[in-house]
Amino acid sequence: MTEDNNQSTPNPQARRSPWFWIGVFLGSGLFPVAPGTVGTIASLFLWLPLLYLKTPSWLMGFLVFMVTIVGTIAAEKTAILLGKEDPKEVVIDEVAGQGIALLFCPLGWHWFVASFVLFRLFDILKPWPVGWADKNLHGGIGIMADDLIAGVFALGLLQSAAWMIIL
């Protein structure tokens, strides 16, 4: 695989694979500008209804875990299909990371915006260990790990803020 991360039109073989469509989160990663941000926004259509349905925390955690497991496989297979080490088109990692950031999130648009902004900041700025994971881990685990850690950082900061504001 090459390390070229430029956007490109996926080959027809990739488009026939269900792993590809999971990896690009139903096509949101194919957006030509800021696919990671678009993938994160698309993930809100999955996570926010679950929050509003008052899905139990254990079930939300399990769903994030399942997205992480399936997403790791999809990221690996999509990277191989596209012939890239860490394709920008793969955004299932953003879906999992944003899911982590939203765990235990209080209801309200301001909390959702804060969760989104914090997750994107940690994912883009890549403080240690987010940056370490991005540079040193490879394959599906490498694609997923930095976003999972960014999600944990966002979760920690958001929950600290919620605890200080609400309690």
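Residues numbered from 1 in each chain as written. Predicted model: local features only at pLDDT ≥ 70, side-chain atom pairs only at ≥ 80, totals over all residues. Heavy atoms only, no water.

1. Structural notes on the overall build of the protein chain
The helix and strand tally for the protein chain stands at eight helices and zero strands. Reading the protein chain from its N terminus to its C terminus gives the helix and strand order α-α-α-α-α-α-α-α. Whereas a compact globule of 167 residues would reach a radius of gyration of roughly 15 Å, the protein chain reaches 15 Å, a difference of no more than 12%. Counting across all 167 residues of the protein chain, residues that qualify as buried make up 48%. Expressed as a percentage of contacts within the protein chain between residues at least 6 apart in sequence, the contacts between residues at least 24 apart total 74%. About 8,600 Å² of surface is accessible on the protein chain, with carbon and sulfur atoms providing 73% of the total. Considering the protein chain, the positive charge centre built from 9 side chains and the negative charge centre built from 12 side chains are found 6 Å apart. (Helix = DSSP H or I, 4+ residues; strand = E, 2+ residues; numbered from the N terminus. Rg over C-alpha atoms; globule rule 2.2 N^0.38 Å. Buried < 20%, exposed > 50% of the residue type's maximum accessible area, 1.4 Å probe, protein only. Contact = heavy atoms within 4.5 Å. Areas by Shrake-Rupley, 256 points an atom, 1.4 Å probe, with all protein chains shown as cover. Lys, Arg positive; Asp, Glu negative; His and termini not counted. Charge placed at Lys NZ, Arg CZ, Asp CG, Glu CD.)

2. Considerations on the side chain of Asp 147
Tracing the chain through its elements places Asp 147 in helix α8 (residues 139–166). Buried charge without a partner: Asp 147 forms no salt bridge, and the closest opposite charge is Arg 120, 5.0 Å away. In this structure, Asp 147 is in contact with Asp 93, Glu 94, Gly 97, Phe 119 and Asp 123, ignoring residues within four places of it in sequence. (Salt bridge = Lys/Arg side-chain N within 4 Å of Asp/Glu carboxyl O.)

3. A few points about helix α3 (residues 35–52)
Here α3 contains 18 residues, and its C-alpha end-to-end distance of 26 Å stays within 8% of the 26 Å for a straight helix at 1.5 Å per residue. Three or more residues of α3 are buried, namely Pro 35, Gly 36, Gly 39, Thr 40, Ala 42, Ser 43, Leu 44, Trp 47, Leu 48, Leu 50 and Leu 51. Lys 54, located one to two residues past α3, shows a positive phi value of around 55°. (Expected span 1.5 Å × (residues − 1).)

4. Some words on the packing of aromatic side chains
This structure, assessed with the given rule, holds three aromatic pairs. With a centroid separation of 5.4 Å and an interplanar angle of 80°, the aromatic rings of Phe 122 and Phe 153 are classed as edge-to-face. Of this pair, Phe 122 sits in helix α6 (residues 109–125) while Phe 153 sits in helix α8, and the two are 31 residues apart along the sequence. (Phe/Tyr/Trp six-rings, centres within 6.5 Å; stacked < 30°, edge-to-face > 60°.)

5. A short note on the packing of helix α4 (residues 57–82) against α8
A pair of packed helices is characterised by two quantities: the angle between their axes and the separation of those axes. The geometry of α4 relative to α8 is characterised by a closest axis approach of 7 Å and an angle of 130° between their N-to-C directions. Between α4 and α8, the angle is such that the two are oblique. As α4 runs across α8, the sense of the crossing is right-handed. Residues Val 67, Thr 68, Gly 71, Thr 72, Ala 75, Glu 76 and Ala 79 of α4 touch α8, and the partners they reach there are Gly 139, Gly 140, Ile 141, Ile 143, Met 144 and Leu 148. For the contact of α4 with α8, the per-class residue count stands at seven nonpolar, five polar and one charged. (Axes fitted to C-alpha atoms, helices over the stretch in contact; angles between N-to-C directions. Parallel < 35°, antiparallel > 145°, perpendicular 65-115°, else oblique. Left-handed = near helix turned anticlockwise from the far one by under 90°. Nonpolar A, V, L, I, M, F, W, Y, C, P; charged D, E, K, R; others polar.)

6. Some remarks on the pattern of salt bridges
Here the idea is simple: oppositely charged side chains can pair when their charged atoms come close. Inspection of the entire model under this criterion finds five salt bridges. Two residues, Asp 123 and Lys 126, come together in a salt bridge whose shortest N-O distance is 3.2 Å. What makes Asp 123 buried here is its relative accessible area of 6%. Given the relative accessible area of 25%, Lys 126 is considered partly exposed. One connected set of salt bridges, linked through shared partners, spans Glu 94, Arg 120, Asp 123, Lys 126 and Asp 146.

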